[in-house]
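If you want the building blocks of each chain, they are given just below.
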Amino acid sequence: MKNIASYPSTRLRRNRKNDWSRRLVQENNLSTNDLIWPIFIREGKNIIEPIKSMPGVFRYSLDKVEKLVEKSLANKIPMIALFPSTDESKKDLKGSEALNKNNLVCKALRLIKRNYKDIGLMCDVALDPYTSHGHDGVIKNNYVDNDETIKILVKQSLLQAEMGCDVIAPSDMMDGRVGAIRKSLDKNNFKLVQILSYAVKYASNFYGPFRDAIGSKKSLKSDKKNYQMSFFNTDEALREVSLDIKEGADFVMVKPGMPYLDIISKIKENFKIPVFAYQVSGEYSIIKNGINDNLFTKDIIIETLASFKRSGASAIVTYFANEIAKELK
Ligand code: PBG
């Protein structure tokens, strides 16, 4: 910055003195339009099951889902992300259940789309909710095989699109999957189904509670470092984004959220594409467990969400979406 005036002619506190003035100079905004709410679904009837590692977050049986949609619509939350907690008995080495048109996600998509048109539905594309080993793809010679996995992911995406999914969100980190999925969607006349690529997904320790929520924690014996990114890297994140944009991504996700604000702002600066941030399960649990005073927690949540907006994120996937909606109105 050139020619910045100095004290005492400049007093930055002048603009901060009154609330009306602070409102006039506020540089970023936060509203429920910025939020995406992830929900966990399970088999059964009339079940709202607490998740131990995520206090305040539940697994819902499908008959409970419409209420959640209505709550989100009332709060003007634009999109819900669906995550299945699949029965152990349905998991296998290849994640076959991902391609079952009566799996949890497919049933939820049909159920919601039948009655509600004004809310976006986003679904992860990856095999980890369905594999007995908990990895995002199929394993060949002790290695998550890229190209074999893509073949399944393409089918999984197509199935989700057929069931009414609006936003296909590959979260698997295989190379080349965005292009393959785009091609198959276009060929099958799903030209306007959007792709939200988890372009930059770090091999993070903050995913623990989520793996517990979808039941992949017990089965996962090793880490995901040979497909998810190292948290020491920045250039590689930009290369990931650049490839995914070329392959047809409509928006890109950075995940986890708060430890990666630098990455969000660099992507925004370099590519001018909508960037979404995922405030993941570990971040949620830390905030939820760490602070006992409830009023204080609300302000802390808003502060974290504001940090995403400031860094350049267009939207934030957060488990806090509905609980914070009241405060944002
Ligand atoms: C899996 C997936 C993960 C999350 C979303 N999709 C976990 C993982 O990669 O192991 C994590 C979300 C969270 O922690 O809230 N494809």
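These figures come from a predicted structure and were not determined experimentally. (Residues numbered from 1 in each chain as written. Predicted model: local features only at pLDDT ≥ 70, side-chain atom pairs only at ≥ 80, totals over all residues. Heavy atoms only, no water.)

*Asks:* How would you summarise the site of the ligand if you had to cite specific residues and measurements?
*Replies:* Not every one of the 17 residues close to the ligand is listed here, only the nearest: R211, K224, K255, S281 and Y319. One of the side-chain N or O atoms of S171 is found 2.8 Å from a nitrogen atom in the ligand. The side chain of Q228 places a nitrogen or oxygen atom 2.9 Å from an oxygen atom of the ligand. A total of 410 Å² of accessible area belongs to the ligand in isolation, and the protein chains cover 100% of it. Structurally, the ligand is housed in the largest cavity. Counted by class, the shell around the ligand contains seven nonpolar, three polar and seven charged residues. (Near = heavy atom within 4 Å. Polar contact = N/O pair within 3.5 Å; in protein donor to acceptor, adjacent residues only side chain to side chain. Areas by Shrake-Rupley, 256 points an atom, 1.4 Å probe, with all protein chains shown as cover. 1 Å grid on protein atoms, 1.4 Å probe; cavity = no way out; pocket = protein on both sides within 12 Å on 5 of 7 lines; lining within 4 Å. Sits in = over half its atoms within 2 Å of the grid points. Nonpolar A, V, L, I, M, F, W, Y, C, P; charged D, E, K, R; others polar.)

*Asks:* Got a sec to walk through unusual backbone geometry? Specific residues and values, please.
*Replies:* Note the cis peptide between Y7 and P8, where omega equals 10°. Locating P8 in the fold gives a position in the segment before α1 (13-16). A cis amide bond links K255 with the next residue in sequence, P256, at an omega value of -5°. With respect to the secondary-structure elements, P256 resides in the loop between β10 (251-255) and α9 (261-271). Although it is not a glycine, K272 sits at a positive phi angle of roughly 50°. Looking at the secondary structure, you find K272 in the loop between α9 and β11 (275-279). By relative accessible area, which is 63% here, K272 ends up exposed. (Helix = DSSP H or I, 4+ residues; strand = E, 2+ residues; numbered from the N terminus. Buried < 20%, exposed > 50% of the residue type's maximum accessible area, 1.4 Å probe, protein only.)

*Asks:* Kindly report on empty space enclosed by the protein, identifying the contributing residues and their values.
*Replies:* Inspection of the entire model under this criterion finds three cavities of 30 Å³ or more. Estimated volume of the largest cavity: approximately 140 Å³. Taken together, 16 residues form the lining of the largest cavity, with D128, K201, Y207, F210 and K255 sitting closest to its centre. Elements that contribute at least two residues to the lining of the largest cavity include exactly β9 (194-201) and α7 (208-214). Looking at side-chain class alone, the lining of the largest cavity contains seven nonpolar, three polar and six charged residues. Forming the boundary of the second largest cavity are L82, F83, P84, V105, D124, A126, P129, Y130, Q156 and Q160. (Points joined across faces, edges and corners; volume = space filled by probe spheres on them.)

*Asks:* Summarise the side chain of D128; cite the residues concerned and give the values.
*Replies:* Of note, D128 is situated in the loop between β5 (120-125) and β6 (139-140). Given the relative accessible area of 8%, D128 is considered buried. When residues no more than four places from it in sequence are discounted, the contact partners of D128 are G134, H135, D136, F210, I214, S216 and K224. (Contact = heavy atoms within 4.5 Å.)

*Asks:* Now, about the environment of I195: what can you tell me, with residues and values included?
*Replies:* Summarising the element assignment, I195 is placed in strand β9. Along the chain, I195 and I316 lie 121 residues apart, while their C-alpha atoms are 16 Å from each other. Residues within four places of I195 in sequence aside, it is in contact with I168, P170, V178, I181, R182, L185, G248, A249, D250 and F251.

*Asks:* Pulling in residues and values, what's your account of the packing of aromatic side chains?
*Replies:* Two measures describe an aromatic ring pair: the distance that separates the ring centres and the angle between the ring planes. Summed over all chains, the structure comprises twelve aromatic pairs. Taken together, a centroid distance of 5.9 Å and an interplanar angle of 10° make the contact between F40 and Y319 stacked. Of this pair, F40 sits in strand β1 (residues 35-42) while Y319 sits in the loop between β12 (315-318) and α12 (321-328), and the two are 279 residues apart along the sequence. Each member of the pair F40 and Y319 is classed as buried. Summarising the aromatic geometry, the rings of Y284 and Y319 are spaced 5.9 Å apart at their centres and angled 70° between planes, so their arrangement reads as edge-to-face. One end of the pair, Y284, is in helix α10 (residues 281-290); the other, Y319, is in the loop between β12 and α12, with 35 residues separating them in the sequence. Residue Y284 shares its accessibility class with Y319, and that shared class is buried. (Phe/Tyr/Trp six-rings, centres within 6.5 Å; stacked < 30°, edge-to-face > 60°.)

*Asks:* Which residues make up a nonpolar patch on the surface, and what values do they have?
*Replies:* On the surface, a nonpolar cluster with roughly 360 Å² of combined accessible area is contributed by W20, L24 and V25. When you line up the elements, V25 lands in helix α2 (residues 19-25). Its relative accessible area of 42% is what places V25 among the partly exposed residues. (Patch = residues over 30% accessible without salt bridge, like charges linked within 9 Å, V, L, I, M, F, W, Y side chains within 5 Å. Salt bridge = Lys/Arg side-chain N within 4 Å of Asp/Glu carboxyl O.)

*Asks:* Lay out the environment of K71 in plain terms, naming residues and giving numbers.
*Replies:* On the secondary structure map, K71 appears in helix α3 (residues 65-74). Residues K71 and N322, spaced 251 residues apart in sequence, show a C-alpha to C-alpha distance of 7.7 Å.

*Asks:* Talk me through the pairing of strand β3 (residues 58-61); I want residue IDs and the actual numbers.
*Replies:* Pairing of β1 with β3 involves three bridges; the strand directions are parallel. Counterpart to I41 in the pairing with β3 is Y60. Sheet topology places strand β2 (residues 48-50) next to β3; three bridges connect them, and they run antiparallel. If you follow I48 over to β3, its bridge partner there is Y60. (Pairing = 2+ DSSP bridges.)

*Asks:* Tell me about the packing of α3 against helix α4 (residues 104-115), and name the residues and values.
*Replies:* Running from N to C, α3 and α4 point in directions that differ by 50°, and their axes come no closer than 10 Å. The pairing of α3 with α4 is recorded here as oblique in orientation. Crossing of α3 against α4: the hand is right-handed. Residues V65, E66 and V69 of α3 pack against L111, I112 and N115 of α4. In terms of residue class, the contact of α3 with α4 is built from four nonpolar, one polar and one charged. (Axes fitted to C-alpha atoms, helices over the stretch in contact; angles between N-to-C directions. Parallel < 35°, antiparallel > 145°, perpendicular 65-115°, else oblique. Left-handed = near helix turned anticlockwise from the far one by under 90°.)

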